[in-house]
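Next come the chains, spelled out residue by residue.
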Amino acid sequence: MTLNAAAMARVGSTGQLRLWLQVAVWSSIGIVLLVLTGVQFGPAATLSILTVTITQATPITFGALTGICSERTGVVNIGIEGMLLTAAFFGFMVGVYTHNPLLALGAAIVSSALMALLHAVLSITFRVDQIISGTVINILAVGITGYLNRQLFTAGAPPGLAAFPRLNVPGLSDLPWIGPILFQQKPLALTAIVLVFVVHFTLFRTRWGLRTRAVGEHPLAADTVGVNVYRQRYINVVIGGAIAGLGGAFFTLESVPHFEPLMTNGIGFIGLAAMIVGKWTPFGAWGAALLFGVAEAIPVAMQIQGINVPYQLVSLLPYLLTIVVVAGVVGRATPPAADGQPYIRQ
Amino acid sequence: MAGWRAWLYALIVPVLAVITALAIGAVVIALTGGSVLKAYQGLWEGSFGQPRSISNTLVRTTPYIFGGLAVALAFKGGLFNIGVEGQITVGALATAFVGYAVSGVPFPAHLILALLAGFVVGGLWGAIPGFLKAYTGAHEVIVTIMLNYVAINVASYLLGGPMKDRNPAVAIAQTAPVLQSARLPPLLPDPQYRVHWGIVLGLLAAVVVWWLLQKTTLGFEIRTVGANPNAARYAGISVGRTTVVVMALSGGLAGLAGALDVVGLNYYYAAAFTAGYGFDSIAVALLGRSNPFGVLPSALLFGGLASGSARMQFLSQIPIDIIQVVQALILIFVAAPTMIRWLYRLRLPREAEAPATGDVQFGASWGKAET
C-alpha cells in the first residue's frame, strides 16, 4: 500500500518536473526571441508584440477554458469553434439592434451556452459519439450564422454597434511595460486572464471541482458515492459554453466591430490544442494560448515594421506551431481517464 | 427473409432523418419570413426536377462520393479524418498544375497523370496526420484541422502568385486552364449536360473501397485496427503502419474529389470551387453509415441539395446557408437514432440503432497516444 503510494508520488513528481522543464524551455525560447526583436527593432516593437500577444491570446484562452470545463468532466468538446462563431454572431446581432454592449455580451453568452446544451443533450443523454456531436455543433453554427447573416444583413448591417472601449485601469495602466501590456487592454482580454485563475481555483480548490474531476476520471466511482454524473456533466458543458460565449464576443464586440461568415477561423480548434498542450490545466492552457498568441502577434508586428512576406505564408505560423506542439507534447499528456466515454448508469 | 428486413431497417433511420431535417428547415424558413413552398419547389427543380438538374446533381455528387469514401475509409480504420477539405484542396492544386504545366503528353496518358498527381499529393497530405498519430500520438482531429488551414492558406498564396493564370485578362486568383489532353470527357454528347465520367469513376471507387475493406488482407487489418487497436497489436498487426496507410488512402480519395472537379467540370482551379466539401463529406459518410455503398445514395442526396440550393436561392431569395442547417440536422438524427425512434414512436431492432461510424468510438481515443 505504502509502496504503491510512494510509486505514485514518484510518478507525480517526475511528471511535475517534466512540466516545469517544458515551461522553462518554452519561456526561455520566448524571452530570447523577444530580446532579439528588441535589439533588432527597438523596445517599442517588443512592447507591441507583447501587447498584441495578450490580445490575440484572449479568444484562445476562452476556448481552452471551455474545453477544460467540458473535458475535466469527461465530455470531449471539439465544438468550441462553432460555439465561438455562434456567440460572435448573436453578440453582433443584438449589439447592432440594441446598441447596448452588455445585452450583446449576454446574447453571446446565452447563444453559445445553448449550443453547448445541444452538445450535452446529444453526447450525454443520447450518447452520440462526442467527436461527432462536436462536428454537428460546428456545421450547425456555420449554417445558422451564415443564414441569419445573409437574411438579416444582406444590405450590410445597420451602423451603431456598441463595441467595448479600451480600459484604463487607474494607477496600474501607467506602470512601465506591465501597464500597456496588461492594463490598457479591452475588458474581455482582462476577463480571460481573471477567468484562468477562477477556473483553476474552482477545479482544484472547491467541492464542485473535486466532483467534476471525479466524474471525469471515474464516473462509476463518483456515482457510487452519490455524485450525479449526468447533472455534473451537463452543468460543466454548459458553463464551458458560456465561457466560449465570452470568447465569441471578443471577435465582434472587442476585436473588430463587424461580423463575417467563418470569422473565427480555427481559433476554437487552436484553443482546443492549447488545452491539450496545457495538459487540461487552466494555467498550462493559458501558457500555450500565449504561445499561440505570439505566433499571431509576430505577423502583425512584421507588417507594422514593413517586412514584406506574403501574408498567407506568415499566417500559417499558428497552425504549424499547433501541429509541432501537439506532436511534440501530446504523447506525454494524459487526458481525464473517462474523457470521451458516455456514462451509462447501471 | 432477413435480408430485406435488414435493408429496411438500415434505410428507415436515414430516410426519416432527412424528412425530419427538411421539416425543421421549413419551420426555420417560415419563421424568418421566407416562402417554404417556393424554397422547396426551387430545391426540387434544381436537384431532380428536370433532366438538366439531374445532370448537375450528378456533377455535384461526384466529389461527395470521393470525399464520403475518404471519410468512411478512415472511420473503418478508427480514424476521424476532418482533413478532407485540405486534402481536396492540395489534390486539386496538384492536378491543375500537371494539367496546365505538363505538355506534349497525349490524351489519356496526360489525364491519368493529372489524376494520379491529385491522388498522390492528397495522399501525402493525408499521410502526415497518420504518421504523426502513429509515431508521436498527436490526435488526428487536431492535426487534420490545422492542415486544412495550412492547405487553404498555401492555396491562396499559390493561386494569387506562383500558380496564377498568366493571362492578363484573368483578374481573379485561379490557375491557367488545363490542356485539352488532360480533360475528362463529358458523359453525354449534348453540351447542356455537364455530367462527366467522374460519376462512373465514383461508382467504381465505391466498389474498389468495398473490395479493399472486405476482400483483402489490408482491409482486414484496417477493420481490426479500427475495431480494437489492442487486439490488432496482439494479433501482430502493425497499428502504426496501418494508421499511416489508411490516412494516405483516405487523403488520396479526397485528392481525387478535388482532381475530378478540375479535369471534369471547371478545367481550372480556384479555391472557392471546393470550399465546404470537406465538412459535407463527413456528413455524407455518416449518413451512409461508413459503408462504401451507403455513401453512394447519401452523396446523391448531398449532390442534390447542393445543386438544388442555387435554384432555391434564385426562386425564393432564401440564403443557401439554410441547406447547411438542414445538413447539420440530418447529421444529428443519423448520429442519434434514438431521437428518430422517439419522434416517430418506432420500435426498431438494435442493428438499426448501431452507431453511424460502425464499431468505432472516436471520443474514447481522445488524446490517448498509441504506444
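Here is what the cut-offs are and how they apply
- Counting restarts for each chain, with residues numbered from 1 along the sequence as it is written.
- Both sets of labels track the order of writing: A upward for chains, 1 upward for ligands.
- Confidence filtering applies because this is a predicted model: local features only for residues at pLDDT of at least 70, side-chain atom pairs given and counted only at 80 or more, and all residues used for totals across whole chains, interfaces and linings.
- Elements are defined by DSSP. Helices are runs of H or I of four residues or more, strands are runs of E of two residues or more, and each kind is numbered from the N terminus.
- Think of it as a crowd count around each C-beta: if 20 or more other C-beta atoms lie within 10 Å the residue is buried, if 12 or fewer it is exposed, and in between it is partly exposed, with C-beta placed from the backbone throughout.
- The contact criterion used is a C-beta to C-beta distance within 7 Å, with each C-beta placed from the backbone.
- Helix span is expected to be 1.5 Å times the residue number reduced by one.
- The angle between axes fitted to the seven residues ending at a residue and the seven residues starting there is what we call the bend at that residue.
- The nonpolar class holds Ala, Val, Leu, Ile, Met, Phe, Trp, Tyr, Cys and Pro. Asp, Glu, Lys and Arg form the charged class, and all remaining residues, Gly among them, are polar.
- Orientation is described by lines fitted to C-alpha atoms, with helices fitted over the stretch in contact, and by angles between N-to-C directions that extend from 0 to 180 degrees.
- Angular relationships are summarised with four words: roughly parallel below 35 degrees, roughly antiparallel beyond 145, roughly perpendicular across 65 to 115, and oblique for the angles in between.
- Crossing handedness: left-handed means the near helix sits turned counterclockwise from the far one by under a right angle, and right-handed means the same turn made clockwise.
- By definition, a nonpolar core groups buried Ala, Val, Leu, Ile, Met, Phe, Trp, Tyr and Cys residues that are joined through C-beta atoms within 7 Å.
- pLDDT is a residue-level measure of predictor confidence that goes from 0 to 100.

A few points about the overall build of chain A
Argument step 1. Along the backbone of chain A there are 14 helices and zero strands.
Argument step 2. The helix and strand sequence of chain A, counted from the amino end, reads α-α-α-α-α-α-α-α-α-α-α-α-α-α.
Argument step 3. Expressed as a percentage of the 346 residues in chain A, the buried residues total 51%.
Argument step 4. Counting contacts in chain A only where the partners sit at least 6 residues apart, residues at least 24 apart contribute 76% of the total.

Remarks on the overall build of chain B
Argument step 1. Summing up its helical and strand segments, chain B has 14 helices and zero strands in all.
Argument step 2. Along chain B, from the amino end to the carboxyl end, the secondary structure elements read α-α-α-α-α-α-α-α-α-α-α-α-α-α.
Argument step 3. Dimensions along the principal axes, computed over C-alpha positions, put chain B at roughly 60 × 55 × 40 Å.
Argument step 4. For chain B, with 371 residues in total, the buried portion stands at 57%.

Remarks on helix H12 (residues 292–316) of chain B
All names here are of chain B.
Argument step 1. With 25 residues, H12 should reach 36 Å at 1.5 Å per residue; the first-to-last C-alpha distance of 35 Å fits that figure.
Argument step 2. Helix geometry: H12 is bent most strongly at Gly308, by close to 30 degrees.
Argument step 3. Burial of H12 is extensive: 20 of the 25 residues sit out of reach of the surface.
Argument step 4. Where H12 terminates, the next one or two residues include Gln317, which has phi positive at roughly 60 degrees.

So, the interface of chain A and chain B
Argument step 1. Facing the 45 residues of chain A at the interface are 45 residues of chain B.
Argument step 2. Those elements that place two or more of their residues in the side of chain A that touches chain B are helix H5 (130–153), helix H11 (267–277), helix H13 (311–314) and helix H14 (317–329) of chain A.
Argument step 3. The element contributing the most residues to the side of chain A that touches chain B is H5 of chain A, with 15 residues.
Argument step 4. Residues belonging to the side of chain A that touches chain B are distributed by class as follows: 28 nonpolar, 14 polar and three charged.

Describing unusual backbone geometry
Residue and element names in this part refer to chain A.
Argument step 1. Even without being glycine, His99 reaches a positive phi, approximately 55 degrees.
Argument step 2. Within the element layout of this structure, His99 appears in the loop between helix H3 (80–98) and helix H4 (101–125).
Argument step 3. For His99, a count of 14 C-beta atoms within 10 Å puts it in the partly exposed group.
Argument step 4. In the Ramachandran plot, Trp280 falls in the positive-phi region, its phi being about 60 degrees despite a non-glycine side chain.
Argument step 5. Within the secondary structure, Trp280 is located in the loop between H11 and helix H12 (282–304).
Argument step 6. Given 23 C-beta atoms within a 10 Å radius, Trp280 is considered buried.

Thoughts on the packing of helix H8 (residues 207–217) of chain A against helix H10 (residues 229–255) of chain A
Residue and element names in this part refer to chain A.
Argument step 1. It is at 10 Å that the axes of H8 and H10 come closest, and there the two elements cross at 110 degrees. The angle between H8 and H10 places the two elements in the roughly perpendicular class. Two secondary-structure elements touch here, H8 through Arg211, Thr212 and Val215 and H10 through Val229, Gln232, Arg233 and Asn236.
Argument step 2. A class-by-class count of the residues in the contact of H8 with H10 yields two nonpolar, three polar and two charged.

Section: the packing of helix H2 (residues 43–71) of chain A against H3 of chain A
All names here are of chain A.
Argument step 1. Between H2 and H3, whose axes approach to 10 Å, the crossing angle comes to 125 degrees. It follows from the interaxial angle that H2 and H3 lie oblique. Judged by the twist between their axes, the crossing of H2 over H3 is right-handed. Residues Pro59, Gly63, Thr66 and Gly67 of H2 lie in contact with H3, whose contacting residues are Ile80, Met83 and Leu84.
Argument step 2. Class assignment for the residues of the contact of H2 with H3 results in four nonpolar, three polar and no charged.

Brief notes about helix H3 (residues 51–76) of chain B
Residues and elements named next belong to chain B.
Argument step 1. Along its 26 residues, H3 runs 36 Å from first to last C-alpha, staying within 8% of the 38 Å computed at 1.5 Å per residue.
Argument step 2. By the largest-angle criterion, Thr61 marks the main kink of H3, which is about 25 degrees, and a proline, Pro63, follows within four residues.
Argument step 3. Summarising burial for H3: 22 of the 26 residues are buried, a large majority.
Argument step 4. One or two residues past the end of H3 sits Gly78, with phi positive at roughly 80 degrees.

Considering the nonpolar core
Among soluble globular proteins, nonpolar side chains are generally buried collectively.
Argument step 1. Membership of the largest hydrophobic core comes to 214 residues, with the highest contact counts inside it found for Ala274 of chain A together with Leu69 and Ile330 of chain B.
Argument step 2. With 15 residues, helix H10 (residues 239–266) of chain B is the single largest residue contributor to this core.
Argument step 3. Residue contacts for Ile330 of chain B: discarding those within four places in its chain leaves Ala17, Val18, Ala21, Ala283 and Leu287 of chain B.

What to know about the confidence of the model for chain A
Any residue range with low pLDDT should be treated as having predicted coordinates unsuitable for detailed reading.
Argument step 1. The pLDDT averaged across chain A works out to 85; a share of 92% of its residues lies at or above 70.
Argument step 2. Every residue in residues 1–13 of chain A scores below 50 in pLDDT, and together they form zero contacts with partners more than four places removed in sequence or on other chains.

As for the confidence of the model for chain B
Argument step 1. Across chain B, pLDDT averages 89, with 93% of residues at or above 70.
Argument step 2. Interface confidence for the predicted complex, given as ipTM, is 0.86, next to a pTM of 0.88.

Focus on the environment of Leu290 of chain A
All names here are of chain A.
Argument step 1. Mapped onto the fold, Leu290 is located in helix H12.
Argument step 2. Counting along the chain gives 22 residues from Leu290 to Gln312, while the straight-line C-alpha distance between them is 21 Å.
Argument step 3. Discounting chain neighbours no more than four positions away, the residues touching Leu290 are Thr53 and Ala57.

Brief notes about the environment of Thr202 of chain A
All names here are of chain A.
Argument step 1. Along the polypeptide, Thr202 turns up in helix H7 (residues 187–205).
Argument step 2. Judged by local crowding, Thr202 falls into the partly exposed class, with 16 C-beta atoms found within 10 Å.
Argument step 3. Sequence separation between Thr202 and Gln184 is 18 residues; the distance between their C-alpha atoms is 27 Å.
Argument step 4. With sequence-adjacent residues up to four places away left out, Thr202 is seen in contact with Trp208 and Gly209.

A short note on the environment of Ile320 of chain B
Residue and element names in this part refer to chain B.
Argument step 1. Looking at where Ile320 falls in the secondary structure, it is placed in the loop between H12 and helix H13 (322–335).
Argument step 2. You can call Ile320 partly exposed: it has 16 C-beta atoms within 10 Å.
Argument step 3. When the C-alpha atoms of Ile320 and Val208 are compared, they prove to be 34 Å apart, with 112 residues separating the residues in sequence.

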